[in-house]
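# Inside the fold
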Amino acid sequence: MTQKNWQSLIKVVVFFICLTPFGLLSFDAFNNNLGANPIETLHFRLGDWALRFLCICLSMTPIKIITKWNWPIRYRRLFGLYSFFYAAMHFLVYIALDLSFSWEQFVDEIPKSPYIIIGLFTFSILLMLALTSTKSAQRRLKKNWKRLHRLVYLAGVTAVIPEQMPVFNRRGTTAGTLQVTLQNGSGQRTVQMNRIGRVSES
Ligand code: HEM
């Protein structure tokens, strides 16, 4: 097998690996395994994956610079497109399952929720980058392509805001965490449940 064939094969493997979280989420959804609030869990987990893929995409250039390997650059576009895909699914779950396609309610919610304002802003950048990610767009936009695609760094900053926005959390608890402290004879035990239902004890 030639080097080019190997590269294509690895790209196909990476493509399917990136789809795994979506497959696992769909599996959990069909098996009623998404906890007490399945729509919220689905929504958050898709948002988390959009953010993860954006971080992976952004890490490709520093990896290339540090290691002097060229392969990370070949996967940058794939990871960026996956970030867009998971963000689109995150939005779709919100609009379809949370708001039952009520665009009126969506427009109503925009000024009330910084999550939506920042999410829409980030999503617009990802959409623009996805639409101009082809070789022909690169040729057409020439120097402006590079300028436009620098917006990915801005998206990287705005995409982490929803994770870091406890003050604006609609549930009104710190970082959306429910915390219960139990007192018994042998001391105190704190049980925490985060927004997606993960329970931890300390
Ligand atoms: C398309 C427009 C978008 C809308 C309308 C939207 C809306 C929302 C809403 C309503 C929440 C939940 C806030 C809460 O009640 O706690 C949320 C959370 C979140 N969003 Fe978005 N979002 C959008 C785009 C994005 C994009 C592009 C990303 C990342 C690339 C993203 C990443 C996240 C993350 C990481 C969370 C927190 C999930 C968690 O707490 O585990 N969102 N979004």
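Everything numeric here is computed off the predicted structure, so don't read it as measured data.

Rules behind the numbers
Residues numbered from 1 in each chain as written. Predicted model: local features only at pLDDT ≥ 70, side-chain atom pairs only at ≥ 80, totals over all residues. Helix = DSSP H or I, 4+ residues; strand = E, 2+ residues; numbered from the N terminus. Buried ≥ 20, exposed ≤ 12 C-beta atoms within 10 Å, placed from the backbone. Near = placed C-beta within 6 Å. Nonpolar A, V, L, I, M, F, W, Y, C, P; charged D, E, K, R; others polar. Expected span 1.5 Å × (residues − 1). Contact = placed C-beta atoms within 7 Å. pLDDT = per-residue confidence, 0-100.

### Overview of the overall build of the chain
Looking only at helices and strands, one finds eight helices and three strands in the chain. Sorting the 202 residues of the chain into buried and exposed places 18% on the buried side.

### Quick notes on the site of the ligand
The local shell around the ligand holds 27 residues, among which Gly47, Phe91, Gly119, Phe123 and Pro162 are the closest. When residues of the shell around the ligand are traced back to their parent elements, those giving at least two are α2 (38-67), α3 (71-98) and α5 (114-131). With seven residues, the top contributor of residues to the shell around the ligand is α5. Considered class by class, the residues forming the shell around the ligand number 15 nonpolar, eight polar and four charged.

### What to know about α5
The end-to-end C-alpha distance of α5, which contains 18 residues, comes to 25 Å, matching closely the 26 Å that a straight helix rising 1.5 Å per residue would cover. The inward-facing, buried residues of α5 contact α3, α7 (143-149) and α8 (151-160).

### Remarks on the confidence of the model for the chain
Here the chain averages 88 in pLDDT, and 82% of its residues register 70 or above. Residue range residues 170-176 is modelled with pLDDT below 50. Its contacts to residues more than four positions away, or to other chains, number nine contacts. Between residues 194-198, whose pLDDT stays under 50, and residues either more than four places distant or in other chains, the model counts 12 contacts.

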